[in-house]
Structures are given as structure tokens and as C-alpha cells.
Amino acid sequence: MDAQIIQSDETPAATGGPAAKTGQPGIVFAKLDEIVRWARTGSMWPLLFGLACCAIEMMAVYMPRFDLSRFGMEVYRASPRQADLMFVAGRVSRKMAPVVRQLYEQMTDPKWVIAMGDCAACGGIYNNYAILQGVDEIIPVDVYVAGCPPRPEALMHGILKLHERIKNAEPKGQIRIEQWGLRG
Amino acid sequence: MTTIETTLTKLRERFPNAIAAIKESRGDTTVTIARESLLDAALFLRDDPALRYELLTDITALDWLHNQPRFDVLYSFRSLEHKTRVCLRVQLNEWDANVPSLTPVFPGANFYERECYDLFGITFTGHPFLRRLILPDYYQGHPLRKDYPLGYEPVEFTHTYAEIQPEKPSAVAPPKPRAIIGSVRGTPVEIPVGLPDPATPWAASDSETLLINMGPHHPSTHGVLRVALEVDGEKIVNAMPDIGYLHTGIEKNAEYKTYLKAIPLFDRMDYTSAMFNDLAYCLAVEKLMQVDVPERAQIARVILCEVNRIASHLIAVGSQAMDIGAVTVMTYAFRERESVLDIFEMVSGARMMPSYFRFGGLALDLPAGFSDAVRAFAEMIPGRLKEYEDLLNKNPIWLMRTRGIAEYTRAQALAHSVTGPLLRATGVNWDLRKVAPYSGYEQYDFDVPVGTRAKADVLECYYMRMEEMRQSLRIIHQGLKKLEKTKGQPYVTKNRKVAPPPKQELQTSMESLIHHFKLWTEGFKPPVGDAYACVESPRGELGFLVSSNGSNMPHRVHVRAPSLANLQMLPLISKNHYIADLVGIIAMIDIVLGDVDR
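Presented here is an overview of the structure given in this document. Small disclaimer: the values here were computed from a predicted structure and weren't measured. (Residues numbered from 1 in each chain as written. Chains lettered and ligands numbered in written order. Predicted model: local features only at pLDDT ≥ 70, side-chain atom pairs only at ≥ 80, totals over all residues. Heavy atoms only, no water.)

1. Some words on the nonpolar core
Moving on, step 1. Counting residues in hydrophobic clusters, the biggest one holds 215 residues, and the most contacted among them are M86(A), Y75(B), F77(B) and Y281(B).
Moving on, step 2. No other element matches helix 7 (residues 295-324) of chain B, which puts 15 residues into this core.
Moving on, step 3. Y281(B) has contacts with Y259(B), A262(B), I263(B), F266(B), F359(B), F544(B), V546(B) and V557(B), leaving out every residue within four places of it along the chain. (Core = buried A, V, L, I, M, F, W, Y, C linked by side-chain atoms within 4.5 Å. Buried < 20%, exposed > 50% of the residue type's maximum accessible area, 1.4 Å probe, protein only. Helix = DSSP H or I, 4+ residues; strand = E, 2+ residues; numbered from the N terminus. Contact = heavy atoms within 4.5 Å.)

So this is what it looks like as C-alpha cells:
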């Protein structure tokens with residue numbers, strides 16, 4: 001984030017406000033857009049939603065050893081209306097696909113998707129009648145995490161990549177709306 | 001003691017004209033019986049006081065395309081008293097693929113018959129709700145038939161959304177009204193999702209019940225299980241499970257891979273106990289091929305499976321406690337589970353999906369430091385189990401929400417084909433490690449925890465799992481002692497037809513080179529026939545039926561999934577309990593949806 005802090009020469013007035021608390025009067029200049037983007041990375045609320053094996057590994061990520069709350073990510077919401085990040089953790093069957101799509105559409109904008117694992121990315125080892133060959137056939141995906149299942153470190157890396165992406169780009173779903181006028 | 005011979009004699013006496021053939025191969029007995037006598041034979045097996053084949057463990061089908069009769073329907077029965085297993089086979093022609101349903105007399109046949117109908121298109125006449133079980137209602141075709149394609153999609157490695165054409169036909173099937181079949185006050189009805197339709201019975205003026213939908217996205221259904229609940233206030237009148245949201249087509253996919261390459265497919269089936277899936281599949285293929293397994297490999301298999309059993313039960317107990325509100329236990333259980341995953345990572349390099357077992361032994365020898373790591377783990381666990389028990393066993397909320405919830409009797413469990421801790425909680429001493437030992441379990445000294453109350457409930461199943469973990473520790477300690485004696489011994493069979501030769505041999509022996517080349521290019525070709533092997537997984541009897549047609553790929557691999565059978569009991573045991581207790585009941589059944597749907 002390009003922020004610029006301008007020091008004021010005037011002595012801190014005893015009028016209260018931030019200057020009185022910090023002793024350092026100053027003004028932060030930044031683009032509102034960037035501040036908003038930065039703030040969004042600080043407390044993402046993922047959707048509590050698991051499909052298959054990767055879901056167990058996703059649970060391990062916010063359990064004691066890996067402790068996802070270090071990144072402000074541990075508040076999983078069971079309702080899609082309160083969540084802004086979806087981990088597609090596992091293989092998506094064709095029966096489940098409409099449900100995943102519906103969950104995605106119920107999430108509030110802006111929203112991001114991490115395809116966790118090979119099955120969510122491309123169908124993985126299951127290339128057959130039952131499994132969707134990549135969840136990006138039905139919803140836009142921002143970050144793909146490889147592995148079968150990915151190690152918790154890999155998922156955390158994916159999350160950090162997503163944080164970078166949030167700071168620098170629009171969600172994939174947003175791009176899709178602008179380019180093609182498609183919703184979701 | 002009734003043996004399999006007396007069973008066959010009795011069957012022959014009772015049905016002299018109906019039995020077409022009796023085949024005994026590799027320890028499995030299959031009786032081919034006429035379709036008209038199937039129901040009578042099943043009842044005779046179950047009710048005859050000298051036979052008592054009470055447990056219908058499995059129903060499946062085989063498709064012999066271009067042959068007549070085309071379909072085989074196989075029914076497996078187990079006698080708990082005599083520890084024997086017999087298989088009934090009915091042969092069906094393509095134009096007349098229907099058999100009488102066993103569901104009216106064996107409630108446990110329900111899901112199996114619906115699965116066969118769904119995947120093979122075999123009709124079970126007299127089945128109360130013969131509808132698709134796994135695939136959605138609008139699905140065309142029956143995927144496990146041999147003339148149904150795999151549904152392979154060419155891989156397109158696109159990782160940018162812009163490259164995907166917006167015109168691409170939608171992967172999602174056109175939205176159709178999703179409905180499931182169930183019964184409301186005993187009447188079979190079709191239940192639409194969403195607001196109740198005024199035409200359906202529960203909206204009738206005399207009915208006070210309401211339909212609510214739980215899942216497939218629900219944090220407490222342990223995956224993508226959907227349950228349609230008919231509730232009267234807060235009380236459940238009927239709970240109708242709808243499964244198939246994680247149907248992966250593993251059985252179909254395995255038919256298109258060589259025997260070896262199918263191992264990773266099964267790893268991901270019951271994903272909390274991957275070792276058991278591998279072991280059961282390897283045992284079945286070893287039985288088919290008559291492969292010997294060296295002692296060191298057998299001991300390693302036992303140790304790793306018992307370690308995995310602890311991990312699986314930790315998830316079961318932890319998530320059950322979390323569902324009821326004791327979140328701490330979940331956090332602790334996952335802390336201990338990480339130690340198990342460290343051991344798996346040590347032997348195979350993968351945390352969750354080891355694919356470590358091979359036909360005839362192991363993929364690699366156990367690494368240095370394995371015994372120490374397992375010993376440290378086994379010494380750490382008893383104290384941790386005590387910790388959980390301190391948190392739960394005297395916790396009044398836990399006791400009130402588990403004792404007397406989901407009570408069921410021994411007869412109900414047997415009728416629904418339930419196995420594993422759920423069956424043992426009703427007082428049935430039935431553990432495949434004892435009754436049909438595999439991998440040398442007969443050499444280990446351990447007890448099978450069995451329920452002592454007349455009726456099992458959620459709490460009793462929790463006690464079973466805690467005690468099973470302690471018994472697993474006993475087995476692990478004994479296994480480690482045995483393992484020391486086998487240091488330096490081979491870890492995989494010397495049968496070069498199934499196991500590749502060691503690397504150094506390739507440079508000196510032409511024959512080894514040929515074996516190596518053959519194994520990695522086309523795989524091995526087992527003799528024609530089929531073999532069934534089963535293990536006691538943390539959820540019950542996990543069996544693999546591997547059928548070979550002599551080629552390098554299986555003709556059919558059928559999985560007898562314990563979770564699928566156990567889930568059938570849900571409507572029965574959740575009746576008249578509160579909605580809030582349903583999550584505890586689902587956790588008690590300890591389903592893994594990968595295992596249910598496959």
C-alpha cells in the first residue's frame with residue numbers, strides 16, 4: 001500500500017483527538033481503495049464448508065499446530081451470507097455442483113474462492129462421469145492450491161497469495177461481471 | 001458348530017431344485033440359486049436355528065456384458081454364531097433384470113438394493129421406495145454397466161478464467177426440482193425441497209408436522225450428507241437421509257486402471273482411515289493372486305492400521321464432542337492426530353493419503369526411527385485419553401445429551417446390517433480381527449470391547465471407541481516387539497509377478513528387468529475369478545470384492561462400505577429425539593461421506 005504520512009510542525013494541541021493520544025500529529029494519505037483492500041485481508045471470514053478429504057486437512061489448518069488465526073482467518077461462518085471466502089475443499093460431484101454454485105451466489109460481494117486440492121482444481125485423479133473436472137467450471141476461482149490433499153502449509157501459502165491478490169486485483173467473480181456482464 | 005459344509009447340505013436339502021451351482025474358491029462359498037427361491041433361501045438362512053445367518057452384509061451386482069445371463073446379483077450373509085459367510089448368487093438376463101426385494105424382511109437391504117438399481121439398473125420388485133440412491137433423479141443411464149462409458153473428459157489445464165469460453169456448456173445439470181423419496185407417517189411420498197407443497201400429505205390439515213432440510217452444506221453432518229427432516233415442533237418424526245453428494249465413481253474408475261494404479265483411488269474413499277482401505281484392497285488382490293506376505297510387512301500393516309484406528313476414533317470422538325458443545329475435545333483430538341500424521345509422513349511421505357501398502361507387502365521398508373516414533377506416540381496417548389475422559393465422562397451436559405439418546409437393540413442393529421462399534425455397543429462380540437483374522441491378528445493379545453447394556457445409545461458408542469483406542473495401543477506395543485525381531489527381513493514378497501525386483505537386481509538379471517518392465521507397463525494379470533477380503537475398519541466391516549476377467553485391469557471392484565450400512569439406521573434411531581440431538585446421532589454413526597457415496 002502506498003501511504004504517505006505527513007508530519008505536522010505544530011505542537012500537539014491539548015484538544016484531544018489522535019494527536020493527543022499518540023503525541024505525533026500526522027495525516028495519512030492513501031487511496032481509499034487501497035485502505036479498503038488492506039483492511040479486507042485482515043479479517044476474512046471463510047465459509048465453513050468441506051466436501052471431502054481436503055476438508056479434514058482444512059480443519060487441521062485451524063487446529064492448534066497450524067493455527068490459522070495468526071492470519072485473522074479462523075472465524076469460519078456456517079452461513080454463506082456471512083462469509084466472503086469459500087474454500088472448495090475436495091472433489092465436487094455433479095450432484096453437488098448446483099449446491100456449490102448456490103452457496104457461492106449466496107455469499108455477499110466481494111467474495112473470493114480458493115480451490116483447495118487437485119480435485120477442486122482439475123478433477124484430480126478422478127476423471128469420470130461423477131466428478132466435475134475443476135470447480136472453475138461453475139464458479140470463478142481466485143487461487144488454486146495444489147496437492148492431494150495439500151499440506152496445511154500449502155493452504156496457508158494459498159491464503160497469503162490470496163491476501164496479495166486482494167490488495168492488488170479485483171476478485172475473479174468481479175472481473176467476470178465487468179467483462180461479460182455475467183453474474184457470479 | 002455349523003460349518004459351511006453343513007450349511008450347504010441344509011440348503012441342498014431344503015432347495016433341491018433351485019440350486020444351480022455351488023462354487024468354492026479361495027475360501028468364499030457362492031451358491032447360485034434360482035430367482036424364485038431367493039427370498040425363501042434368505043429367510044431360511046436367517047431363521048433356521050442351526051444356521052442363523054442373521055447379518056446380511058452386502059448386496060452387489062456384476063455385469064458380464066455380451067454374455068447371457070448378463071447380471072449376477074450377489075448377496076452375502078454372515079452367521080455371527082458360527083462365524084461363517086455364505087454368498088447367494090442370482091443370475092439375470094438383460095431383458096429380465098429383476099429380482100424379488102429383500103428389503104421387507106431385511107431392512108438392511110434397502111440402501112444396497114437402491115444402489116444396485118441406481119448403478120446397474122436392476123429392478124428389485126417389492127422394494128418400498130425403489131428410486132435412485134446416489135445419482136440425482138434426472139440422471140440418465142446406469143454407470144456401472146459395462147456398456148456405459150467412464151465419462152472421461154479430456155484434461156484442459158487452464159488456470160485462467162478468461163480462457164474458459166463463456167459458451168462452454170454448463171457443467172451443472174439443468175435445474176430440476178430436486179425431490180427425495182421418503183415416508184411421512186408411514187405413507188411413501190415424494191418430498192420436494194423448499195416450501196411444502198399443499199398437495200403433499202404433511203401439509204394436510206390434520207398434520208402438524210413440518211419439513212425442514214438439513215445439509216448437504218451443514219457443519220454437523222460430517223460432510224455432504226443431506227437429511228430431510230419431518231419435525232413436530234422440535235421433535236423429529238422422520239429423518240430421511242439423501243446421499244450421493246460425494247459420489248466419486250471410484251468403483252467405475254478402478255475398472256479402467258491396472259490393479260496397482262487403483263490403490264490411490266481407494267485411499268481417498270474413507271479418508272479418515274486410508275490405511276484400512278489400502279489394506280482391504282491389497283488383501284483382496286493378494287487373495288486373488290495367492291500372494292504370500294512376509295512377516296515384517298504384516299506386522300507393519302497391523303501397527304499402521306492400529307495407529308490409523310486411533311486417529312480415526314479421535315476424529316469421531318472429537319467431532320462428536322464438538323457437535324454437542326465440548327469444543328475443547330476437538331481441539332485436543334486434532335493435536336494428537338497430528339502425531340499420527342507425522343508417522344504416516346515418515347513412512348510414506350504423505351500426511352493423509354499414504355498409499356503405502358502394496359500387493360505382497362509394503363512400498364518401502366520402514367524408515368529408521370519408525371519404532372521410536374510409534375512408541376513415543378503410544379506412550380503419549382493414554383494420558384491424553386484420560387484428559388478427554390476427564391473433560392467428558394462426568395460432564396453433566398455431555399451425559400444428558402448422550403445417555404438414552406438414539407437407543408437401539410441388538411436385533412435392530414443386525415436387521416440394518418450394522419457392523420463395527422455400533423454393533424458391539426449392543427453386546428454383540430463381533431470383530432473381524434477375532435472372528436476372521438487377517439495379517440496375523442490371531443497372534444496379538446487384545447480384547448474386544450462389548451456393550452453391557454440392553455440397549456446401545458450415543459454414550460455407549462463413545463465408550464466403545466475410547467476402549468478400542470486403548471486396545472489398539474496394546475496391539476501396537478506387541479507389534480513393536482515383533483517388529484524388532486524382523487529387522488533386515490524382506491518387506492515385500494519375492495513373487496516377482498506382483499512386486500517389482502529391487503533396483504540392484506536390474507543390473508545383473510535379465511529376468512528381473514523383464515519383470516520390472518512388465519509390471520510397470522501393463523501390470524500383472526490375475527487368474528479369472530473373484531475374491532472377497534474384509535478388514536475391521538474403525539466403522540465396521542470394510543470389504544473389497546475384486547473380480548478379475550484375466551486382464552490387467554479389474555473387471556469390477558465392489559466396496560462393502562461400513563458407513564453406508566450404518567447410515568441406514570438413522571431414521572430408526574433419530575425418531576422422537578430433538579433436532580439438536582440429531583447432530584450427536586450422526587456423529588455417533590461416524591459416517592464418512594467418501595465411504596458412503598464412493
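2. Some details on helix 2 (residues 38-47) of chain B
All names here are of chain B.
Moving on, step 1. Taken residue by residue, helix 2 has L38, A41, A42, F44 and L45 as its buried positions. Looking down the long axis of helix 2, one finds its buried residues gathered within 160 degrees of arc, a one-sided arrangement.
Moving on, step 2. Considering only its buried residues, helix 2 is in contact with helix 1 (4-14), strand 2 (28-33), strand 4 (71-79), strand 5 (84-92) and strand 6 (98-100). (Arc of directions from axis to C-beta.)

3. Details of the sheet that holds strand 5 (residues 143-145) of chain A
Residue and element names in this part refer to chain A.
Moving on, step 1. Strands sit in the order 3-4-5 across an open sheet of three strands; the sheet is parallel. Across the chains shown, the open sheet's two edge strands, defined by having one partner strand only, are strand 3 (85-89) and strand 5. On average, adjacent strands in this sheet sit at an angle of 20 degrees to one another, irrespective of strand direction.
Moving on, step 2. Relative to strand 4 (residues 112-116), strand 3 is paired through five bridges, and the arrangement is parallel. From the neighbouring strand, A89 faces strand 4, where its bridge partner is M116.
Moving on, step 3. Those strands touched by helix 6 (residues 152-168) are strand 3, strand 4 and strand 5, and its axis lies near 155 degrees from that of strand 4. (Pairing = 2+ DSSP bridges. Axes fitted to C-alpha atoms, helices over the stretch in contact; angles between N-to-C directions.)

4. What about the sheet that holds strand 1 (residues 19-25) of chain B?
Residue and element names in this part refer to chain B.
Moving on, step 1. Ordered in space as 1-2-5-4-3, the five strands form an open sheet in which the pairing is mixed. The sheet is open, and its two edges are formed by strand 1 and strand 3 (55-63), each paired on a single side. Within this sheet the neighbouring strands show an average axis-to-axis angle of 20 degrees, counted without direction.
Moving on, step 2. Two elements, strand 4 and strand 5, share nine bridges in a ladder whose sense is antiparallel. Among the inter-strand pairings, Y75 is bridged to a residue of strand 5, identified as L88.
Moving on, step 3. Its contacts with the sheet place helix 3 (residues 109-120) against strand 3 and strand 4, and it is angled at close to 5 degrees to strand 3.

5. Description of helix 3 (residues 53-61) of chain A
In an α-helix there are 3.6 residues to a turn, and that puts residues three or four apart on one side.
Moving on, step 1. By the criterion of burial, helix 3 of chain A is predominantly enclosed, with nine of the nine residues buried.
Moving on, step 2. Of the residues making up helix 3 of chain A, those classed as buried are C53(A), C54(A), A55(A), I56(A), E57(A), M58(A), M59(A), A60(A) and V61(A).
Moving on, step 3. Where the residues of helix 3 of chain A are buried, they touch strand 3, strand 4, helix 5 (117-122) and helix 6 of chain A together with helix 7 and helix 8 (327-348) of chain B.

6. Here's the deal with the interface of chain A and chain B
Moving on, step 1. With 49 residues of chain A at the interface, the matching set in chain B holds 61 residues.
Moving on, step 2. Summed over both sides, the interface of chain A with chain B buries roughly 4,800 Å², with 62% coming from carbon and sulfur.
Moving on, step 3. Summed over the three residues of chain A that lose the most area to chain B, namely K95(A), N127(A) and Y129(A), the buried surface amounts to 18% of that side.
Moving on, step 4. Counting across the interface, chain A meets chain B through five salt bridges.
Moving on, step 5. In this structure, R151(A) and E345(B) form a salt bridge, with 2.8 Å as the shortest nitrogen-oxygen distance. (Buried area = accessible area lost by both parts, 1.4 Å probe. Salt bridge = Lys/Arg side-chain N within 4 Å of Asp/Glu carboxyl O.)

7. Considerations on the packing of helix 14 (residues 458-485) of chain B against helix 19 (residues 579-589) of chain B
Residues and elements named next belong to chain B.
Moving on, step 1. For the pair helix 14 and helix 19, the least separation of the axes is 10 Å and the interaxial angle reads 35 degrees. In the packing of helix 14 onto helix 19, the handedness of the crossing is left-handed. Every residue of helix 19 that contacts helix 14 at V458, C461 and R465 is listed here: G584, I585, A587, M588 and I589.
Moving on, step 2. The class makeup of the residues in the contact of helix 14 with helix 19 is six nonpolar, one polar and one charged. (Left-handed = near helix turned anticlockwise from the far one by under 90°. Nonpolar A, V, L, I, M, F, W, Y, C, P; charged D, E, K, R; others polar.)

8. Looking at the side chain of S548(B)
Residues and elements named next belong to chain B.
Moving on, step 1. Along the chain, S548 falls in strand 16 (residues 540-548).
Moving on, step 2. When its relative accessible area of 1% is taken as the criterion, S548 is described as buried.
Moving on, step 3. There is a polar contact of 3.0 Å between the side chain of S548 and the backbone nitrogen of G550.
Moving on, step 4. Apart from the residues within four sequence positions on either side, S548 is in contact with Y259, L288, P526, P527, V528, G529 and H555. (Polar contact = N/O pair within 3.5 Å; in protein donor to acceptor, adjacent residues only side chain to side chain.)

9. Section: the pairing of strand 2 of chain B
Residue and element names in this part refer to chain B.
Moving on, step 1. For strand 2, the buried fraction is high: six of the six residues fall into the buried class.
Moving on, step 2. Side chains D28, T30 and T32 project from strand 2 onto one buried face, and the interleaved T29, V31 and I33 project onto a second face that is buried too.
Moving on, step 3. Sheet topology places strand 1 next to strand 2; six bridges connect them, and they run antiparallel. What sits directly across from K23, in strand 2, is T30.
Moving on, step 4. Counted along the chain from strand 1 to the antiparallel partner strand 2, the turn is two residues long, and its residue R26 has a positive phi close to 55 degrees.
Moving on, step 5. In this structure, strand 2 lies alongside strand 5, joined through three bridges in parallel fashion. Across the sheet, the residue bridging to T30 is C87, located in strand 5.

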